[in-house]
Structures are given as C-alpha cells and as structure tokens.
Amino acid sequence: MPRETLEERLDRLESIEEIRQLAGKYSLSLDMRDLDAHVNLFAPDIRVGREKTGRAHLKAWVDDTLRHQFTGTSHHVGQHIIEFTDPDHAIGVVYSKNEHECGREWVTMQMLYWDDYERVNGRWLFRRRLPCYWYASDLNQPPVGDMKMRWPGRAPYSGTFHDIFPSWQSFWAERPDKDSLPEVAAPAPLEGFLKAMRRDVAAPKIRVR
C-alpha cells in the first residue's frame, strides 16, 4: 500500500473531526427540535422508508415521531469509531445513552448507531443511520430479561443492539475447551476493524418506532 501524503493524512484527520461533529449535531438538533438543522445533516437524496427519498420526507417522518411519541429527549453521545472505505466514504459506530419524557413516564435507552457517511459537495453527511437498540424502559423498572424495548402503552419487543454483530451469538453458542488454549484470529487491518466485526452479515431488520 502506497504511503499517504501529508495532504491525504491531514484530510483524513479533518474528516474524522467533521464526522464526529456530525454525530454531536445530530443529537443537539434532535433534542432542540430544530428539524431543518437536523435533516440537513443527511444526504439530499436520503432514503426514507422503502419508497420515499429526500430531506422533506425525512423531516415529515421525524416530526411525526417526535410530536406523538415524546415530550422531551436528551441524547448523550458515547464512543465513536470511524473507518474510511475511500476518501469520500466512511462507516462508523456511535454509542448513545438517551432519556425520553413520555407523558408520566421517564424512559431511558441504551443503543448504538451503525452509520454510513458520505462527503457531498465538500461536506460530510449521513448516508444512512441504523439505530440498534438494547433496551428502553421506565427509569424505575430495570430492563432485565427478554423484550427489553418497553415503551409506555406498547407491547414489549426486542431491539437489535447485538444483532448487527454476529460475535454475540457465537460467544454464547460456542463453549471453549478448558483443557486447551483458544485460537486467536489475526488482528484486523487499521481501516477494517468494524468490517471484521460485522463479518459481512446483512443488517438486521430494525424497528425504529
């Protein structure tokens, strides 16, 4: 692999910082209900559902979700891993711990986003965000057991927090032989950590509301 030039390395560092800012702007604009600022973080032809595209459709969908499901929200961004597939495309994983006011209940949530980023006309934007939920439950009700997504007035259901990475199922399905040392795979390449963890599995079907 040819050595990167100083200009390429600088562009990579600036891109990483812009993408990290993108995740922070997502949370702030969502919590403050600035939907124009929010949808402008996505590619102009962002896909919305199966048949619609564009920021206007995304704005209508987000408006309906926020207006009818929550009174207030607060999204707290955690660790953020970013890897580039080429100079204008990247993937990433962002942890998020969220709080939601839902009528008389206060619902806390733990989740991660699997992101696809694209540089469009010189600006880094979201091409896709897959929200993978672990749990959502009232503050006074620990989400132990199955069906950890427990919204007020809705039947509990399972999230996809672990489904996007096949290692979770493999860990519980494979019992190590205590009489021998386990094999250790070769380290993933620098820009291939997330892809190695995904192991080329398809994205799970995600219920977002």
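Conventions adopted
Residues numbered from 1 in each chain as written. Predicted model: local features only at pLDDT ≥ 70, side-chain atom pairs only at ≥ 80, totals over all residues. Heavy atoms only, no water. Buried < 20%, exposed > 50% of the residue type's maximum accessible area, 1.4 Å probe, protein only. Salt bridge = Lys/Arg side-chain N within 4 Å of Asp/Glu carboxyl O. Helix = DSSP H or I, 4+ residues; strand = E, 2+ residues; numbered from the N terminus. Core = buried A, V, L, I, M, F, W, Y, C linked by side-chain atoms within 4.5 Å. Contact = heavy atoms within 4.5 Å. Pairing = 2+ DSSP bridges.

Undergrad: Explain unusual backbone geometry residue by residue, including any values.
TA: Residues apart from glycine generally show negative phi values, whereas peptide bonds are mostly found in trans. You will see that R199, though not glycine, has its phi angle at about 55 degrees, which is positive. Classification of R199 by relative accessible area gives partly exposed; the value is 46%.

Undergrad: Help me get a handle on the pattern of salt bridges, residues and values and all.
TA: Counted according to the given criterion, the structure contains 11 salt bridges. A salt bridge links R123 to E18; the shortest N-O distance between them is 3.6 Å. Linking R123 in strand β6 (residues 123–138) with E18 in helix α1 (residues 6–31), this pair joins segments that are 105 residues apart in sequence. Classification of E18 as partly exposed rests on a relative accessible area of 27%. In the salt-bridge network here, residues are joined through shared partners; they are E4, R12 and E191.

Undergrad: How would you explain the nonpolar core if you had to name every residue and give the values?
TA: General note: in soluble globular proteins, nonpolar side chains tend to be found buried as a group. One finds Y117 and W151 to be the most contacted residues of the largest nonpolar core, which totals 33 residues. Secondary-structure elements contributing two or more residues to this core are α1, α2 (35–39), α3 (55–69), β3 (72–86), β4 (89–102), β5 (105–120) and β6. Ranked by residue count, the leading element in this core is α1, at 6 residues. Leave out the neighbours within four places in its chain, and W151 touches Q69, F70, H100, C102, V107, M109, A136 and Y157. Of all hydrophobic cores here, the second largest spans 11 residues; its members include C132, F161, F165 and L194.

Undergrad: An account of the pairing of β6 is requested, with residue identities and associated values reported.
TA: Counting buried positions along β6 yields 12 of 16 residues, so the element is predominantly enclosed. Note: β5 against β6, 14 bridges, orientation antiparallel. Bridge pairing links E118 to L125 in β6. What sits between the antiparallel neighbours β5 and β6 is a turn of 2 residues, in which N121 has the positive phi angle 50 degrees.

Undergrad: Kindly report on the side chain of D115, identifying the contributing residues and their values.
TA: Relative to the elements of secondary structure, D115 occurs in strand β5. By relative accessible area, which is 0% here, D115 ends up buried. Setting aside anything within four residues of it in sequence, one finds D115 in contact with A90, I91, G92, V94, F126, R128 and R129.

Undergrad: An account of the environment of A43 is needed here, citing residue identities and associated values.
TA: With respect to the helices and strands, the residue A43 is situated in the loop between α2 and β1 (47–48). When the C-alpha positions of A43 and R55 are compared, they lie 7.8 Å apart, and in sequence the two are 12 residues distant.

Read these as geometric descriptors, not functional statements.
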